[in-house]
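Listed below are the residues making up each chain.
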Amino acid sequence: MPELCFSLILHAHLPFVRHPEVAESAEEDWLFEAMTEVYVPLLETFSRLVEEGVRPRLALGLSPTLCEMLADPLLRARYTRHLGNLLTLAEKELARTFCEYPQFYAPARANYERLRTIEKLWSETYRGDLLSAFGRLQDEGALELLTCAATHAVLPLVSTYEAQRAQIQIAVANHRKHFGRAPRGIWLPECAYAEGVEDLLAEAGLEYFVADARAILHGEPRPRHGIYAPVRLRGGVAAFARDTETAEQVWSSVIGYPGDPCYREFYRDLGWDAPLEYLLPHLHADGQRRPLGLKYHRVTGRDVPLCDKRPYDPQAAAARARAHARHFVTARFEQSARLRGATGGRAPLVVSPYDAELFGHWWLEGPQFLEHVFRNLHECRASVAAVTPGDYLDAGAPLQPQRLSPSSWGEAGYFKVWLSEANAWMYPYQHAAETRMTALADEFAETGGGEPTTADNDEATTRGGSADSNARALRARALKQAARELLLAQASDWAFQIYQGTTAGYAARRFRAHIARFDALADEIESGQIEERMLAEIERRDNLFPELDCRTLNSRATITRSQWGAAGEQFA
Amino acid sequence: MPLRALEEPADEYETATAIKAGAAAMHSSPPLPDEESLPEPRPRDEARLLVQSPDRLFFYWSFAHDPRTVLRRALGDAAGRYRLAVRLVEAQDGEESIRAVESLNSLWLAARPGKSYRAEVGFYSAELPFLCVLSSNVARTPTGDVSPVGDESFETQTAGQVFPPAIALTGAMQIGGAITRVAPRSVGDEKIAAAPSSYAWGLSARL
């Protein structure tokens with residue numbers, strides 16, 4: 001029996017940033033950077049471990065918006081172009097640094113070799129299909145793939161049962177589409193929980209979710225095993241709590257591993273440092289400087305200004321990642337010794353969730369760190385067992401029933417990040433759209449996609465395509481698209497970015513755009529006058545979830561409101 | 001390995017076709033609804049109370065018709081004695097607080113942990129009862145603390161044999177009835193403690 005069970009959970013998510021209306025965009029670059037620096041390297045890392053017989057075991061959540069973008073032909077094509085551009089620049093940098101900046105030749109060489117590997121994996125190994133590669137790792141027993149709410153909405157701030165249910169049901173359907181099976185677990189966006197969410201998860205067939213430590217620690221009754229065992233909620237859904245110790249070891253800006261002086265500095269980038277005329281062929285058509293992902297400096301020190309950062313040494317950083325991985329696993333032994341006896345006769349479970357994008361994007365050496373963590377865990381697997389939440393549930397240990405506390409993993413532990421003076425203005429519009437969408441779905445969602453029924457089609461065939469059936473088909477499209485616009489408006493990313501002040505302008509514009517499109521479509525559906533050109537353009541841009549079933553948004557629920565909470569009651 | 005030229009299409013990804021289709025669409029797309037400003041909200045009666053934290057609530061409301069007009073029609077000159085206000089009512093203790101809100105449509109309200117609240121918007125007069133026009137949903141604040149309720153009934157002794165399936169999945173082995181213990185690796189003299197960095201953007205929000 002192991003002394004401790006360890007469950008690493010990575011949550012991969014990006015908002016839907018597909019912009020076919022322009023040839024290139026900084027927002028699509030977010031996706032391309034994540035593909036280059038995170039998703040392909042993680043696939044490579046885990047695949048290599050599997051091939052070498054060091055089977056990692058972890059849970060990985062892929063949000064539905066991310067899945068839709070990774071599967072999108074236009075974005076795949078643009079990524080191929082992006083990667084080629086980056087590789088060309090990286091190759092030019094070999095000559096430039098060798099001749100003019102020898103202190104940066106080693107990191108330039110490392111960048112080039114890394115990009116060559118990524119390009120080869122993308123084009124030859126994965127052939128542009130990262131989702132299938134993740135699915136294969138699941139089939140091989142390395143990964144347990146989770147879903148997430150459809151557009152990463154913070155569910156406690158979604159006003160209606162129908163809209164919350166749609167976020168869950170659409171996510172599960174999307175996961176089935178991409179991976180051929182239903183997900184066992186779900187990553188609640190921002191670990192944001194409020195009572196009632198578990199009923200929606202149970203209805204969708206989900207077995208578990210991840211919550212912040214506060215949800216269980218402040219739950220009722222007190223948790224007998226603290227955060228070191230999951231609890232059972234109403235409907236049978238289990239909740240796993242985030243471990244604060246392992247969170248701090250990685251996330252903390254003061255003591256976290258990524259802040260080590262050896263590691264690559266994120267904020268110095270060739271896109272800001274090299275001469276503009278040299279960079280122009282590799283920038284967007286607007287010629288504006290932007291981060292390119294080619295970086296040559298190391299952290300050097302917390303208080304060292306960017307202009308004084310020292311050259312990056314890839315070998316020293318790799319050695320540090322190995323050492324940190326050993327330290328992390330050693331710390332698990334120390335943790336298990338401290339917890340001995342605290343959880344009765346069972347091995348404590350340490351759940352360590354992180355944003356996947358930390359590993360490789362913010363922290364370049366993150367994938368190397370994970371590789372060595374799993375190598376170390378493999379060696380000591382009899383003592384520290386790497387498990388997934390599903391594995392733990394399969395072991396059949398009884399779970400304490402509990403009622404969780406509303407909470408999130410955001411700043412201060414509740415909902416301040418997404419409901420603050422900066423972004424509270426969004427909710428009257430979002431909530432009005434949620435109510436209106438349910439009314440539209442109740443009235444017009446005749447079939448799963450709102451498409452004409454068989455009887456309609458027979459009638460159309462008989463009468464050579466009647467105006468009525470054409471109008472119904474157009475209405476069905478508009479209804480589906482209105483649902484998409486609502487889902488996109490609900491994305492927590494917009495409120496987050498506005499709160500953080502990072503890309504607040506873009507986020508506000510996206511929210512306004514989706515609300516405006518929703519309202520326009522809703523007006524046209526109600527009036528029966530649908531402008532097809534406008535509808536087609538909106539469909540072309542916001543093309544996610546073609547499998548969307550509008551009936552998930554109507555009020556004919558399969559569970560009663562009293563099971564969710566009294567109508568309109570929040571956190572009751 | 002030769003570099004892939006920028007212009008070389010990867011047929012299996014429909015590179016050229018997809019990019020050209022996007023470029024063509026850019027030149028002929030119809031105008032979309034204005035995204036620089038939000039549409040005028042449709043007038044409707046709505047009052048919603050949201051929980052931000054154990055001690056803070058956000059309340060917003062809207063009216064389908066101007067309630068002052070209705071009040072004047074009903075009370076005539078006596079309507080002048082009233083002011084539009086928000087009343088926050090705590091469901092269990094009956095505690096109330098009232099604030100004037102003449103030209104507002106939202107308000108941040110102080111609350112206490114572990115309480116249920118309802119917010120009302122209506123008309124207040126010092127000498128007369130509060131006239132409620134709209135009432136919100138009930139919102140309960142998190143307790144913000146460990147529960148005073150324990151669970152002595154929950155079984156805490158778990159036999160070791162429930163874990164072999166999980167162990168088997170991870171490849172761990174039990175040899176001769178005893179667990180093979182691997183000595184933890186020492187980190188030696190290497191200085192491991194990570195120095196703080198400039199990277200922690202919003203990531204510190206996770207703690």
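Rules behind the numbers
Residues numbered from 1 in each chain as written. Chains lettered and ligands numbered in written order. Predicted model: local features only at pLDDT ≥ 70, side-chain atom pairs only at ≥ 80, totals over all residues. Heavy atoms only, no water. Helix = DSSP H or I, 4+ residues; strand = E, 2+ residues; numbered from the N terminus. Rg over C-alpha atoms; globule rule 2.2 N^0.38 Å. Buried < 20%, exposed > 50% of the residue type's maximum accessible area, 1.4 Å probe, protein only. Pairing = 2+ DSSP bridges. Contact = heavy atoms within 4.5 Å. Axes fitted to C-alpha atoms, helices over the stretch in contact; angles between N-to-C directions. Core = buried A, V, L, I, M, F, W, Y, C linked by side-chain atoms within 4.5 Å. pLDDT = per-residue confidence, 0-100. Phe/Tyr/Trp six-rings, centres within 6.5 Å; stacked < 30°, edge-to-face > 60°. Lys NZ or Arg CZ within 6 Å of the ring centre and 35° of its normal. Salt bridge = Lys/Arg side-chain N within 4 Å of Asp/Glu carboxyl O. Polar contact = N/O pair within 3.5 Å; in protein donor to acceptor, adjacent residues only side chain to side chain. Parallel < 35°, antiparallel > 145°, perpendicular 65-115°, else oblique. Left-handed = near helix turned anticlockwise from the far one by under 90°. Nonpolar A, V, L, I, M, F, W, Y, C, P; charged D, E, K, R; others polar.

Chemist: Would you mind showing me how to read the overall build of chain A here?
Modeler: The number of helices and strands found in chain A is 21 helices and ten strands. Taking 2.2 N^0.38 as the reference for a compact globule, 572 residues should give roughly 25 Å; the C-alpha atoms of chain A span a radius of gyration of 25 Å, in line with that estimate. For chain A, the spread of C-alpha atoms along the three principal axes comes to 75 × 65 × 45 Å. Burial status across chain A gives 67% buried among its 572 residues.

Chemist: Would you take a moment to explain the pairing of strand 3 (residues 83-90) of chain B for this structure?
Modeler: Looking along a regular strand, one sees the side chains alternate between the two faces of the sheet. Residues and elements named next belong to chain B. Across the eight residues of strand 3, seven count as buried, placing the element largely inside the fold. With eight bridges joining them, strand 3 and strand 6 (residues 116-125) adopt antiparallel strand pairing. Looking across to strand 6, one finds that A85 is bridged to G122. Pairing geometry for strand 3 and strand 4 (residues 96-100), over five bridges, is antiparallel. Counterpart to L88 in the pairing with strand 4 is S97. Linking strand 3 back to strand 4 in an antiparallel pair, the connection comprises five residues, with G94 at a positive phi of about 75°.

Chemist: What is the right way to read the side chain of E144 of chain A from this model?
Modeler: The residue E144 of chain A is located in strand 3 (residues 143-148) in this model. Setting aside its immediate chain neighbours within four residues, E144 of chain A contacts R57, L58, A59, L60, Q138, R184, Y208, T388, P389, G390 and D391 of chain A.

Chemist: When you look at the sheet that holds strand 7 (residues 128-140) of chain B in this model, what are you seeing that I'm missing?
Modeler: Across a sheet, strands are paired by hydrogen bonds formed along the backbone, either parallel or antiparallel in direction. Residues and elements named next belong to chain B. Sheet architecture is open: four strands sit in the order 4-3-6-7, paired in antiparallel fashion. The outermost strands of the open sheet, each flanked by one partner alone, are strand 4 and strand 7. When the angles between neighbouring strand axes are averaged without regard to direction, this sheet yields 25°. Where strand 6 lies against strand 7, eight bridges are found, and the strand directions are antiparallel. Considered in strand 7, the bridge of R118 is made with V138. Helix-sheet contacts for helix 2 (residues 67-75) involve strand 3, strand 6 and strand 7, and the interaxial angle to strand 6 is about 50°.

Chemist: Could you clarify how one ought to interpret the nonpolar core in this entry?
Modeler: Grouped burial of nonpolar side chains is what soluble globular proteins tend to show. Grouped together as the largest cluster of nonpolar side chains are 196 residues, with contacts concentrated most on L10, Y39 and F209 of chain A. Not counting residues up to four positions away in its chain, the partners in contact with F209 of chain A are I186, L188, Y193, L201, L233, V237, A238, A239, F240 and L404 of chain A. Judged by nonpolar contacts, the second largest core, of 23 residues, contains F59, V101, L107 and A111 of chain B.

Chemist: Got a minute to help me understand the confidence of the model for chain A in this structure?
Modeler: Caution applies to low-pLDDT parts of the model: their predicted coordinates are not meant to be read in detail. Averaged over chain A, the pLDDT score is 93; the fraction of residues at 70 or greater is 94%. Scored below 50 in pLDDT, residues 559-572 of chain A shows 40 contacts in the model against residues more than four places distant or in partner chains.

Chemist: What is the right way to read the sheet that holds strand 2 (residues 56-62) of chain B from this model?
Modeler: All names here are of chain B. With antiparallel pairing, the three strands of this open sheet are ordered in space as 1-2-5. If you trace the sheet from one side to the other, it starts and ends with strand 1 (46-53) and strand 5 (106-110), each paired once. Averaged over all pairs of adjacent strands, the angle between their axes in this sheet comes to 20°, without regard to strand direction.

Chemist: Can you help me understand the packing of aromatic side chains in this one?
Modeler: Working definition: an aromatic ring pair is given by the centre-to-centre distance plus the angle between the planes. All names here are of chain A. Applying the stated criterion to the full structure yields 28 aromatic pairs over all chains. Here F46 and F374 contribute two aromatic rings whose centre-to-centre distance is 6.3 Å and whose plane-to-plane angle is 85°, an arrangement assigned as edge-to-face. Of this pair, F46 sits in helix 1 (residues 26-51) while F374 is found in helix 13 (residues 366-379), placing the two residues 328 residues apart along the sequence. The same class applies to F46 as to F374, namely buried. Three or more aromatic residues joined by ring pairs form one cluster here, namely F6, W187, W251, Y257, Y263, F328, Y354, F359, W363, F369 and W409. The ring of Y278 has K92 lying over it, and the distance from NZ or CZ to the ring centre is 5.0 Å.

Chemist: Would you mind going over the pairing of strand 8 (residues 349-355) of chain A with me for this structure?
Modeler: Residues and elements named next belong to chain A. Among the seven residues in strand 8, seven count as buried, and that is most of the element. Of the two faces of strand 8, the one carrying L349, V351, P353 and D355 and the one carrying V350, S352 and Y354 are both buried. Here strand 1 (residues 4-12) runs beside strand 8; their pairing, made up of seven bridges, is parallel. Paired with S7 across the strands is V351, a residue of strand 8.

Chemist: Explain the pattern of salt bridges to me, please; I cannot follow it from the model alone.
Modeler: Two side chains with opposite charge may pair up if their charged atoms get near one another. Residue and element names in this part refer to chain A. For the coordinates displayed, the defined rule picks out 52 salt bridges over all chains. Close ionic contact of R57 with E144 constitutes a salt bridge, the shortest N to O distance being 3.9 Å. On the criterion of sequence distance, the pair formed by R57 in the loop between helix 1 and strand 2 (58-62) and E144 in strand 3 is long-range, its members being 87 residues apart. For the pair formed by R57 and E144, the shared burial category is buried. Between E547 and K177 there is a salt bridge whose closest N-O contact spans 2.8 Å. With a gap of 370 residues between them, E547 in the loop between helix 20 (532-541) and helix 21 (561-564) and K177 in helix 6 (residues 161-179) connect regions that are remote in the sequence. Take E547: its relative accessible area is 26%, and that puts it in the partly exposed class. By relative accessible area, which is 39% here, K177 ends up partly exposed. Each of the salt bridges in this network shares a partner with another, and the network as a whole consists of E44, R48, E52, E371 and R375.

Chemist: What's the story with helix 2 of chain B in this structure? I'm lost.
Modeler: One full turn of an α-helix is made of 3.6 residues, so residues set three or four places apart face in the same direction. Between a side-chain oxygen at the N-terminus of helix 2 of chain B and the backbone nitrogen of R68 of chain B the separation is 3.0 Å; the capping residue is D66 of chain B. Two residues or fewer past helix 2 of chain B, G76 of chain B is found with a positive phi of approximately 65°.

Chemist: What exactly am I supposed to notice about the side chain of T65 of chain A here?
Modeler: Among the secondary structure elements, T65 of chain A is positioned in helix 2 (residues 64-70). When neighbours within four sequence positions are excluded, T65 of chain A is seen to be in contact with H13, L14, P15, F16, A150, T151 and L544 of chain A.

Chemist: So what exactly am I meant to see when it comes to unusual backbone geometry here?
Modeler: Glycine aside, the phi torsion of most residues is negative, and most peptide linkages are trans. Residue and element names in this part refer to chain A. Residue E220 is joined to P221 through a cis peptide bond whose omega torsion reads -5°. One non-glycine residue, H152, adopts positive backbone phi at about 65°. Relative to the assigned elements, H152 resides in the loop between strand 3 and helix 6. The phi dihedral of T300 is positive, around 70°, even though this residue is not glycine. Here T300 shows up in the loop between helix 11 (276-279) and helix 12 (314-339).

Chemist: I would appreciate a short explanation of the packing of helix 12 of chain A against helix 13 of chain A in the present structure.
Modeler: Packed helices, taken two at a time, are described by their axes: the angle between them and the distance between them. Residue and element names in this part refer to chain A. Where helix 12 meets helix 13, the closest approach of the two axes is 8 Å, and the angle between their N-to-C directions is 45°. Our classification of the angle between helix 12 and helix 13 gives oblique. Considering the relative orientation of helix 12 and helix 13, their crossing is right-handed. Touching A318, A321, R322, H324, A325, R326, F328 and V329 of helix 12 are Q368, F369, H372, V373, N376 and L377, all from helix 13. Across the contact of helix 12 with helix 13, the residue classes break down as eight nonpolar, four polar and two charged.

Chemist: Would you mind showing me how to read the packing of helix 17 (residues 467-489) of chain A against helix 19 (residues 504-527) of chain A here?
Modeler: Residue and element names in this part refer to chain A. Orientation of helix 17 relative to helix 19, taken along the N-to-C sense of each, is 155°, at an axis distance of 8 Å. Considering the angle they form, helix 17 stands roughly antiparallel to helix 19. Read as a crossing pair, helix 17 and helix 19 show a hand that is left-handed. Counting all contacts with helix 17, which are made through R475, A478, L479, Q481, A482, E485, L486, L488 and A489, the residues of helix 19 involved are R510, F511, H514, I515, R517, F518, L521 and I525. Split by residue class, the contact of helix 17 with helix 19 holds eleven nonpolar, two polar and four charged.

Chemist: In this structure, what is going on with the confidence of the model for chain B? I would like to understand it.
Modeler: All names here are of chain B. For chain B, per-residue confidence averages 70 on the pLDDT scale, and 60% of positions sit at 70 or higher. Here strand 9 (residues 178-179) stands out as the least confident element of chain B, with mean pLDDT 30; strand 1 is the most confident, with 98. Below a pLDDT of 50 lies the segment residues 1-16, which in the model reaches 27 contacts outside its immediate sequence neighbourhood of four places, other chains included. In this model residues 156-207 is a low-confidence stretch, pLDDT under 50, and it forms 126 contacts with partners more than four residues away in sequence or in other chains. Confidence estimates for the predicted assembly give a pTM of 0.87 and an ipTM of 0.91.

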